[in-house]
Each structure stands twice: as structure tokens, then as C-alpha cells.
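Notes for the structure review
Next come the chains, spelled out residue by residue.
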Amino acid sequence: MTVTHRLLPVLAGAMVLGSGLAAHAADAPAGLTLYEADGARVAFDFAAGAGVFSASNARLGHGITSLDDGSTQKDLNWAEAYVKPGLSVRLDSQSIGSVYGTVAVIGSTTQGDGDAFSATGTQLTHGGVSHGDLERAALGWASGDLLWQKDALDLSVGRQDFVLGDGFLLADGNADVGKEGGYWFGARSAWSNSMVARLGWDPLEADAFWLKSDQNSGNMEIHGLNLEAKREGLGSVAVAGMRISQDDPNASGLFGSDGVNSLRKGMKVWDFRAQGTPVPMLPDLFLSAEYVQESNDTDGRRLDANAWYGEIGYTFSDVPWTPSLSYRYAHFSGDDSTTTNQSEAFDPLRYGMVRGWGSYFHGEVAGQYLLFNSNENLHMIHATVSPLEKVQAGVIYYDFSLDQASAGASKDYGQEVDLHVDWMPLDWLTVSGVYGRFMPGAAAKTALGGSDSMDVMELVSTVKF
């Protein structure tokens, strides 16, 4: 369940997101202009990341199976790195609008022991692998000044990024596992194929999309429509409807062949969301909420599941060090064993980290290696301070419980504390250090077979321009 650009500029923080919940096919980064004249622009963009990772007491001390030699490993140390250069071209014309294209390639590596994935007891990535791929390859047309507002109509097709809202449901078209390496960074994010049409009439926007994920994500094909109203400085409200028309039964994805992926074909999804700073007299108050309903009426794949969260945050912008404090409660339904004709297990699809730590990988231990936004309830408290202009430090506390458990079994899954320090010495460079500890409850001990606290340490840096 990896994510594109795990380290977006986190100093921005969740409190200053403000507006812009639109679904969007992510344009190529602005990059460095190589040529610009007579309505033509050629730009080079570049992203890279490198990090070292350490995990102790994997699977709560029970250990996990190495993909390299089948041995059981309790403590793991590994390194990941990737480079992703890209090129984009845009031609603007008063008579035909704008034509644009983008292409990017990616190379990634994992060295050392490999990742600490503990949910199934087997790693997702090998140590000692390196792999290169085509990442982006897309063409598009925008209406420019031909219609009632700038680029009122935008059409694009190909391998490209697409994010719905802030990534609670759809953000990452590629699961970086197996030979691809780079599980933590998840730098491969483009959907393997897509078509996106956007129509804007300020303050309204409509997006029609078709997306196809990679094989590791079940080869999903998603048809959807997103409608949104937004107001600069206040935020936005939106509704989206989707249908998953095809999946590959031989591509089990991260949940295994008997998990929620087997219920995807024919699944219908409704998504309602709102986010921003809606109180003009309190511009430091941030509110965010999203509700998702999933259903499938197909015999053998009947599904009735839901997930939602509510979040409130406040940034004390007039106080030294600009402290911020936020609280989130999130619910992801689990399968009710008393109903035998359908599943209630929420399918998290392809969520991602778009607006900083905790969104929506809940915990650097639990959210990366143990729990994946299904059959889960959680409380999250996140506090940050900025002692220096380019430095932010924060602490995140999680309390996890299962939504559904076997009769008489505990729902107490555990608690986690994460500490993070983020330094942005330059606009295009981020360096972060993270320590996380997950303290298991009875439900986690039963499910994973161990009883020890699991710790992770991360030192990572990213470059993006």
C-alpha cells in the first residue's frame, strides 16, 4: 500500500491546506525551463529519494519470512533509493488552445534485508534488487482562452498521476512491491493507463475519469465522475461516484486472493468530502471530513462497506514556534462474521500520503506494516512546532481498535507514538528523521503471533523540482 512522494513538503502541514480538494490528474512538476518562446515551453523535472531504515521486533517479535532465502527475520536494516527524471512540453495557441505531453522514467533499488511488512508474515520487497520503468507517458489538450475561463476544458490520456481529493481513497496507481523495490518511498505512482476529462466553471468543476492500476493492485479499472464546488481561502465540498468494471482474479494484490480484492469487480463507490478553513474569523481553524460507501450486488461478491473520518486542527500562527494541534477519528468497516451472504470489509483501494504525516498511512509502524485502512477504528492526535524557519518537529499518537472481532475476542489492537523532525534547507530538498513505536493490544498479539513492541527508525531525504 505504498504511496507516491512519501515526503511532500511536510512543513506546509495539514493545517494550511485550506482549499483545493479537486480530483486531478497531476500535471508534471513545473521543473526547470529548458526552452520557452512563441507559446512553446520545454521543461525538465526531477525527483529523487534515499533513505535508511531499521525495524526491530517485526511481527511483534514473531519475525517475518525473507523473500531472499526464506529465513525468519526479527530485526531488519535496509536502504531504499530512487531517481525519477521527466520531460514535459506545452504548446499554447490562441486558435486551438494548448497541447501538452509529459514523459518520465524511474529507477529504484532496495538494499539490505528488505522491508518489514508484517501483516502477512512475508516481505513485499527483496533486498538487493534494482529496477527501471517507464513512469509517465501522457498527452493532453486544454482549451486555453477559447472558452469562458482559462483551460475550462482539459483532456488527457496515458500513464499519469491522478489523485481524488487529498488521497483518502485514490492517490497511487502502482504498488511498489516485488522486483520494483522501494516499498517505503512508493515512488511509482502513475496509473498504468488513464483518460481524464475536466470541465470547469468557477467555482464548480466536473471530472470524468477512467483509471487502470498495475497488476500488484489487482489490475483495477475504475470509471468515475467527480463534482466539486470550491472557494479560494475557504475550502471545498465534493461528491464522486465510481464503478470498478474489471479486475484480474489472478492479481491478488496486497490482501491475498481471499481478501477484499476478490470483491472488486462490479463494485460501486460513493465518496463525499469537505475540507478547508470555512470560518473567515478563524483562518487558523482547519476542518476535514470524508465518507465512502462501497457496495456490490453481484452474486458471490456481495459487499456493503463504509469508511469515514472527521478531523479538526488549529494552528497558533501568532505564537512563537507556530504550534499546531489536530485530532482525527477514522472508521473503516470490517467483515461481520454473522452475515454470510455478503462482506462488510472496507476496500481501501489506492490511498496515499498527500498532505503530510498520518494522511493516510496511520502510523509509521501500524500504517506501513500492520494495518491498512480496513476493519479498523482509530483516534489520532498530532502536534507540531517549528522552532526554526526551515524545521518542523512533531509527535503523533494513535489508538487502534478493530471494528469487528471474533466472538469474545478483544478489539484492542494497540497504540503507537511517532516522532518526526523535518528539515527543508532548500525549497527542493527535504530531510526527515522518524522514530515510531507500536505497543500491541490483545487483538494484535493474537493476529500476529508476537507480543513485543515493534520499533522503526527512518532517515530519509528527497529532492523534487
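It should be noted that the structure appears before, not after, this text.
Predicted model only: the values in this text are computed from it and were never measured.

What follows deals with the overall build of the protein. Of the regular secondary structure elements, the protein holds two helices and 21 strands. The buried share among the 465 residues of the protein stands at 51%. Of all intrachain contacts in the protein linking residues separated by at least 6 positions in sequence, the fraction that spans at least 24 positions is 65%. When the accessible area of the protein is evaluated, it comes to approximately 18,600 Å², of which 60% is carbon and sulfur surface.

With that settled, the discussion passes to the pattern of salt bridges. Side chains that carry opposite charge are capable of pairing whenever their charged atoms lie near each other. The full count for this structure, using the stated rule, is 20 salt bridges. Of the charged contacts, one joins Asp-92 and Arg-90 as a salt bridge, the two residues approaching to 3.1 Å between their closest N and O atoms. Asp-207 is the partner of Arg-198 in a salt bridge, and the nearest nitrogen-oxygen pair spans 2.6 Å. Since its relative accessible area comes to 15%, Arg-198 is described here as buried. The exposure class assigned to Asp-207 is buried, which follows from its relative accessible area of 0%. Connected through salt bridges with shared partners, the residues Asp-166, Glu-311, Arg-328 and Arg-355 form a single ionic network.

A few words on the nonpolar core. In this structure, Leu-170, Ile-222, Met-242, Tyr-369, Tyr-413 and Phe-438 are the most contacted members of the largest nonpolar core, which totals 69 residues. The element that contributes the greatest number of residues to this core is strand β15 (residues 303–315), accounting for four residues. Every residue in contact with Tyr-413, bar those within four places of it in the chain, is listed here: Leu-370, Leu-371, Phe-400, Ser-401, Leu-402, Phe-438, Pro-440, Gly-441, Ala-443, Ala-444 and Leu-448.

As a further point, take the environment of Thr-102. Mapped onto the elements, Thr-102 comes out in strand β6 (residues 97–112). Counting along the chain gives 36 residues from Thr-102 to Ala-138, while the straight-line C-alpha distance between them is 5.4 Å. A polar contact of 2.9 Å, which involves the side chain of Thr-102, links it to the side chain of Arg-136.

Let us now look at the side chain of Thr-109. Note that Thr-109 resides in strand β6. Owing to a relative accessible area of 18%, Thr-109 belongs among the buried residues under this scheme. A polar side-chain atom of Thr-109 sits 2.8 Å from a polar atom in the side chain of Gln-111. Reaching out from Thr-109, the side chain makes a polar contact with the side chain of Ser-130 at a distance of 2.9 Å. In this structure Thr-109 touches Ala-79, Glu-80, Ala-81, Val-129, Ser-130 and Gly-182, once residues within four positions along its chain are discounted.

Applying the stated criterion across every chain, the model contains 25 aromatic pairs. Ring geometry for Phe-44 and Phe-46: centres 6.4 Å apart, planes at 25°, overall stacked. For Phe-44, a relative accessible area of 27% puts it in the partly exposed group. Residue class for Phe-46 comes out partly exposed when judged on its relative accessible area of 22%. Three or more aromatic residues joined by ring pairs form one cluster here, namely Phe-53, Trp-78, Tyr-82, Trp-184 and Phe-185. Sitting above the plane of the Tyr-309 ring, Arg-328 keeps its charged end 5.5 Å from the centroid.

The grouping of Leu-287, Ile-312, Phe-316, Val-319, Leu-325, Tyr-327, Ile-381 and Tyr-397 at the surface amounts to a nonpolar patch, some 630 Å² of accessible area in total. Note that Ile-381 resides in strand β17 (residues 376–388). The exposure class assigned to Ile-381 is partly exposed, which follows from its relative accessible area of 38%.

To continue, consider the environment of His-420. Here His-420 shows up in strand β19 (residues 412–426). With a relative accessible area of 3%, His-420 lands in the buried category. Each C-alpha atom of the pair His-420 and Ser-432 lies 7.0 Å from the other, and the pair is twelve residues apart in sequence. Discounting chain neighbours no more than four positions away, the residues touching His-420 are Trp-357, His-382, Thr-384, Gln-392, Ala-393, Gly-394, Val-395, Ile-396, Gly-433 and Val-434. A polar contact is formed between the side chain of His-420 and the side chain of His-382, at a distance of 3.0 Å. Reaching out from His-420, the side chain makes a polar contact with the side chain of Asp-422 at a distance of 2.8 Å.

How each quantity is defined
Residue indices begin from 1 for each chain and proceed along its sequence in written order. Local features in a predicted model are, by the rule used here, given only for residues with pLDDT of at least 70; side-chain atom pairs are given and counted only at 80 or more, and totals for whole chains, interfaces and linings are based on all residues. Computation of side-chain values covers all heavy atoms of the structure but excludes hydrogens and water. Helix and strand labels come from DSSP, where a helix needs a run of H or I of at least four residues and a strand needs a run of E of at least two; each type is numbered from the N terminus. Only protein chains enter the accessibility calculation, which uses a 1.4 Å probe. A residue is then buried if its area is under 20% of the maximum for its type, exposed if over 50%, and partly exposed in between. The contact rule is simple, with two residues in contact once any of their heavy atoms fall within 4.5 Å. Working definition of accessibility: Shrake-Rupley area with a 1.4 Å probe, residue cover restricted to the visible protein chains. We define a salt bridge as a contact between a side-chain nitrogen of Lys or Arg and a carboxyl oxygen of Asp or Glu at a distance within 4 Å. Within this scheme, the nonpolar core is defined by two criteria: the residues are buried Ala, Val, Leu, Ile, Met, Phe, Trp, Tyr or Cys, and they are joined through side-chain atoms within 4.5 Å. Polar contact is defined as a pair of N or O atoms within 3.5 Å, subject to the rule that within protein one atom must be able to donate a hydrogen and the other to accept it, and that residues adjacent in sequence are counted only when both atoms are side-chain atoms. Think of it this way: a Phe, Tyr or Trp ring, Trp meaning its six-membered ring, pairs with another when their centres are within 6.5 Å, and the plane angle makes it stacked under 30 degrees, edge-to-face over 60, tilted otherwise. For a Lys NZ or an Arg CZ to count as sitting over a ring, it must be within 6 Å of the ring centre and within 35 degrees of the ring normal. Each patch is assembled from residues with relative accessible area greater than 30% and no salt bridge, linking like charges that lie within 9 Å and nonpolar side chains (Val, Leu, Ile, Met, Phe, Trp, Tyr) that lie within 5 Å.

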